[in-house]
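Tertiary structure, described
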Amino acid sequence: MGTINDLLNIEKKIKELKIKRNALILAHNYQLPEVQDIADFHGDSLELSRKAAKTDADIIVFCGVYFMAETASIISPDKKIIMPDINAGCPMANMIKASDVRKLKVKHPGAVAVGYVNTPAEVKAELDVCCTSTNAVAVVNALSEAKEIIFVPDKYLADYVSRKTGRKLISWNGFCPTHVKILPEDIKREKKFHPEAKVIAHPECLRSVLDLSDEVLSTSRMCKFAKETNAKEVIVATEVGMIYRLKKDNPTKEFYPASEAAVCPNMKRTTQEKILWALEEEKEEVRVSDEIRIRAKRAIDKMLEIL
Ligand code: 13P
Ligand code: SF4
């Protein structure tokens, strides 16, 4: 970590280079404060890809994890998508392979294959439709004609969606190593400290945590909830980076992380210094081969059609 002067210098250089290269900086809601502060736009995984598609910038600096940058590249193949740290992956996304989906489809012929956006592009290419944490329930509800539904890779999101829709889902044994660190004991303890607080949780959390929450929300819905709620205090069961964003947007309200242990190390790999290098060298570029991209895009387009 550099001094304040170093940081100010870096910020200045990033701003200059951004104009010179006609670049846009996108940051997921879990990114470090210094990254959120320099970004042009924040959002959840899908919002960021949509933003990438809409902008007329030539270069998108994607501050998030690999599957998010890949999704942006699938939606906008004409843009140059670069990641300040190409090694920022999502362990949950890497818990399933394309061959796993193919095997599930052979085992359940005729089933509709739904997959969370937290998957590699090769997996998306095998899916019928994608979903995000914001629209997973709506996507499954839209499949009323389907005899069977495969839902991968997050078993906790699948369990939540199954309970909300009343549909039995064929799930996979994937999970988010960060969200499973949040335990029901954490919620009970925080509720004792802050008895007036509302509890909001991400659907990647354990069922026992969701059962103690007032609302189950994606990160973009958490931002919306925080603005609209009358509650002055909110306990937040998701990755800790979310707290910075919520506090910044709602300075008169208090937000408490359900657990300080809920840190996604991959989301913390990106720094201002790496953003500057990425802009200077215009890399590392994330690009999906046309063969995979065209098939993966079908599943994303299908999702966008439903909503
Ligand atoms: P959101 O789409 O809700 O931002 O979630 C992305 C993610 O990686 C959650 O762990
Ligand atoms: Fe993946 Fe979990 Fe990190 Fe989100 S918080 S990027 S699901 S590991």
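Right, let's walk through the structure included here. (Residues numbered from 1 in each chain as written. Chains lettered and ligands numbered in written order. Predicted model: local features only at pLDDT ≥ 70, side-chain atom pairs only at ≥ 80, totals over all residues. Heavy atoms only, no water.)

1. Comments concerning the overall build of the protein
Per the secondary structure count, the protein includes 14 helices and twelve strands. For the protein, the C-alpha radius of gyration of 19 Å lies close to 19 Å, the compact-globule estimate for 307 residues. Considering the protein as a whole, with its 307 residues, one finds that 56% of them fall into the buried category. Taking contacts inside the protein between residues at least 6 apart in sequence as the whole, the part at least 24 apart equals 63%. About 13,800 Å² of surface is accessible on the protein, with carbon and sulfur atoms providing 51% of the total. Averaging the coordinates of the 48 positive side-chain charges in the protein and doing the same for the 45 negative ones gives two points 3 Å apart. (Helix = DSSP H or I, 4+ residues; strand = E, 2+ residues; numbered from the N terminus. Rg over C-alpha atoms; globule rule 2.2 N^0.38 Å. Buried < 20%, exposed > 50% of the residue type's maximum accessible area, 1.4 Å probe, protein only. Contact = heavy atoms within 4.5 Å. Areas by Shrake-Rupley, 256 points an atom, 1.4 Å probe, with all protein chains shown as cover. Lys, Arg positive; Asp, Glu negative; His and termini not counted. Charge placed at Lys NZ, Arg CZ, Asp CG, Glu CD.)

2. What to know about helix α13 (residues 272–281)
Residues of α13 that are buried: Gln 272, Ile 275, Leu 276, Ala 278 and Leu 279. An end-on view of α13 places all buried positions within 160° of arc, on one side of the element. (Arc of directions from axis to C-beta.)

3. Regarding the packing of helix α4 (residues 66–75) against helix α14 (residues 290–306)
Look at α4 against α14: their axes get within 9 Å of each other, and the N-to-C directions meet at 95°. Here α14 runs roughly perpendicular to α4, going by the angle between their axes. Residues Thr 71, Ser 73, Ile 74 and Ile 75 of α4 form the contact with α14, whose own contacting residues are Arg 293, Ala 296, Lys 297 and Ile 300. For the contact of α4 with α14, the residue count by class is four nonpolar, two polar and two charged. (Axes fitted to C-alpha atoms, helices over the stretch in contact; angles between N-to-C directions. Parallel < 35°, antiparallel > 145°, perpendicular 65-115°, else oblique. Nonpolar A, V, L, I, M, F, W, Y, C, P; charged D, E, K, R; others polar.)

4. Things to note about the site of ligand 2
Tyr 30, Val 65, Cys 90, Pro 91, Asn 118, Cys 176, His 179, Glu 204, Cys 264 and Met 267 make up every residue found near ligand 2. Each residue belonging to the shell around ligand 2 can be placed in one class, and the counts come to seven nonpolar, two polar and one charged. (Near = heavy atom within 4 Å.)

5. Considerations on the site of ligand 1
Lining the immediate surroundings of ligand 1 are His 28, Tyr 30, Asp 44, Ser 45, Met 68, Asn 118, Ser 133, His 179, His 202, Glu 204, Ser 218 and Thr 219. The side chain of His 28 places a nitrogen or oxygen atom 2.7 Å from an oxygen atom of ligand 1. Between ligand 1 and the protein, one listed contact pairs an oxygen atom with a side-chain N or O atom of Ser 45 at 2.6 Å. In isolation ligand 1 has 300 Å² of accessible area, and contact with the protein removes 95% of it. Among the residues forming the shell around ligand 1, the class breakdown is two nonpolar, eight polar and two charged. (Polar contact = N/O pair within 3.5 Å; in protein donor to acceptor, adjacent residues only side chain to side chain.)

6. Brief notes about the sheet that holds strand β6 (residues 129–131)
The four strands are arranged β6-β5-β7-β8 in an open sheet whose pairing can be described as parallel. Among the strands making up the open sheet, the edge pair consists of β6 and β8 (169–171). Pairs of neighbouring strands in the sheet enclose a mean axial angle of 30°, with direction left out of account. Two elements, strand β7 (residues 149–152) and β8, share three bridges in a ladder whose sense is parallel. Looking at the pairing, Phe 151 lines up with Ser 171 of β8. Across the sheet, helix α8 (residues 155–165) touches β5 (112–116), β7 and β8, and the angle it forms with β8 is around 175°. (Pairing = 2+ DSSP bridges.)

7. Things to note about the pairing of strand β12 (residues 254–257)
Bridging between strand β11 (residues 233–237) and β12 involves four bridges; their strand directions are parallel. In the sheet register, Ile 235 faces β12, and the bridge partner there is Tyr 256.

8. Section: the nonpolar core
One finds Phe 62, Val 114, Phe 151 and Val 236 to be the most contacted residues of the largest nonpolar core, which totals 88 residues. Once residues within four sequence positions are removed from consideration, Val 236 is found in contact with Ile 200, Met 222, Met 242, Ile 243, Leu 246, Phe 255, Tyr 256, Pro 257 and Ala 258. By size, the runner-up hydrophobic cluster in this structure holds 17 residues, among which are Ile 10, Ala 27, Val 35 and Ala 39. (Core = buried A, V, L, I, M, F, W, Y, C linked by side-chain atoms within 4.5 Å.)

9. A look at the packing of aromatic side chains
Ring pairs (aromatic) are described by centroid distance and by the angle formed between their planes. This structure, assessed with the given rule, holds zero aromatic pairs. Taking NZ or CZ as reference, Lys 51 lies 4.8 Å from the ring centre of Phe 41, over its face. (Phe/Tyr/Trp six-rings, centres within 6.5 Å; stacked < 30°, edge-to-face > 60°. Lys NZ or Arg CZ within 6 Å of the ring centre and 35° of its normal.)

10. Observations concerning the pattern of salt bridges
Following the criterion strictly, the structure yields 24 salt bridges and no others. Glu 16 is paired through a salt bridge with Lys 12; the nearest N and O atoms lie 3.5 Å apart. Of the two residues, Glu 16 and Lys 12 are both situated in helix α1 (residues 4–21); the distance of four residues between them amounts to about one turn of the helix. We classify Lys 12 as exposed; its relative accessible area is 51%. For Glu 282, the salt bridge identified is with Lys 80, shortest N-O distance 3.1 Å. You can see Glu 282 sitting in the loop between α13 and α14 and its partner Lys 80 sitting in strand β4 (residues 80–82), a full 202 residues away along the chain. Judged by relative accessible area, which is 25%, Lys 80 ranks as partly exposed. (Salt bridge = Lys/Arg side-chain N within 4 Å of Asp/Glu carboxyl O.)

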